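Coordinate inspection notes
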Amino acid sequence: TPCEHSFPTRRSSDLPNVQCLDSTVTELEINSILNHGGPGTGVFLCPSAVILISNPIIMTATNQSISTLGLPVDDTRATIRIVSTSSAAVFRTCS
């Protein structure tokens, strides 16, 4: 299918020079990275970041992902919080 997705199999901490996005970013920066990055683009949010969004984050290509740097499984995972009446936090389009 055109929207096939596989989740990352490596921890982001295994990748050299991976940077993360902190609580100062919005969906505008995340959407820009996804839109310009193309297939396979991964966006890493900093641990404990709280990302406030007013509009959906739009995944525009196959195998794009949003993860917390280091892939923690505890309460240090980043949070994406909707601060408007938007009906979806993440929307996926595939062509």
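In this report, we go over the structure that sits alongside the text. Each chain carries its own residue numbering, running from 1 in the written order of its sequence. Whole-chain, interface and lining totals are the exception, using all residues; otherwise, since this is a predicted model, local features are given only for residues with pLDDT of at least 70 and side-chain atom pairs are given and counted only at 80 or more. Values shown for side chains rest on all heavy atoms present in the structure; no hydrogens or waters enter the calculation.

**What to know about the overall build of the protein**
Helix and strand assignments follow DSSP, with helices taken as H or I runs no shorter than four residues and strands as E runs no shorter than two, numbered in order from the N terminus. Looking only at helices and strands, the protein has one helix and six strands in total. Taken from N to C terminus, the helices and strands of the protein fall in the order α-β-β-β-β-β-β. Accessible area of the protein: about 5900 Å², with a carbon and sulfur share of 54%. Computed by Shrake-Rupley with a 1.4 Å probe, the accessible areas treat only the displayed protein chains as cover when residues are assessed.

**Regarding the side chain of Thr41**
Relative to the helices and strands, Thr41 resides in the loop between helix H1 (27-37) and strand S1 (42-45). N or O atoms within 3.5 Å of each other form a polar contact, as long as, within protein, one can give a hydrogen and the other can take it, and as long as residues adjacent in sequence are counted only when both atoms are side-chain atoms. For Thr41, the side chain forms a polar contact with the main-chain oxygen of Gly37, separated by 3.0 Å. Two residues form a contact once any of their heavy atoms are found within 4.5 Å. Ignoring sequence-local partners within four residues, the contact set of Thr41 consists of Ile33, Leu34, Asn63, Gln64 and Ser65.

**Examining the state of the cysteines**
The bond known as a disulfide is covalent and runs between the sulfur atoms of two cysteines. Defined by distance alone, a disulfide is two cysteine sulfur atoms within 2.5 Å. Scanning all chains against the criterion turns up one disulfide. Two residues, Cys20 and Cys46, share a disulfide whose sulfurs are 2.0 Å apart. Because the torsion about its S-S bond is 90°, the bridge between Cys20 and Cys46 counts as right-handed. Of the two residues, Cys20 sits in the segment before H1 while Cys46 sits in the loop between S1 and strand S2 (50-53), which places them 26 residues apart along the sequence.

**Points about the nonpolar core**
Core analysis: the biggest nonpolar cluster contains 13 residues, and Leu21, Ile30, Leu34, Val43, Leu45 and Ile51 have the highest contact counts within it. In this view, Ile30 contacts Leu21, Val25, Val43, Leu45, Ile51, Ile57 and Ile66; residues no more than four positions away in its chain are not counted. In this description, a nonpolar core means a group of buried Ala, Val, Leu, Ile, Met, Phe, Trp, Tyr and Cys residues linked to one another through side-chain atoms lying within 4.5 Å. Summary of the burial criterion: residues with accessible area below 20% of their type's maximum are buried, those above 50% are exposed, and those between are partly exposed, where the area comes from a 1.4 Å probe applied to protein chains only.

**Examining the side chain of Gln64**
Locating Gln64 in the fold gives a position in the loop between strand S3 (57-59) and strand S4 (65-68). A distance of 3.0 Å separates a polar side-chain atom of Gln64 from the backbone oxygen of Gly38.

**As for unusual backbone geometry**
Of note in this structure, Asn63 is not a glycine but carries a positive phi near 60°. Within the chain, Leu71 stands out as a residue other than glycine whose phi angle is a positive 50°. Of note, Leu71 is situated in the loop between S4 and strand S5 (79-82). Accessibility expressed as a relative area gives 26% for Leu71, which makes it partly exposed.

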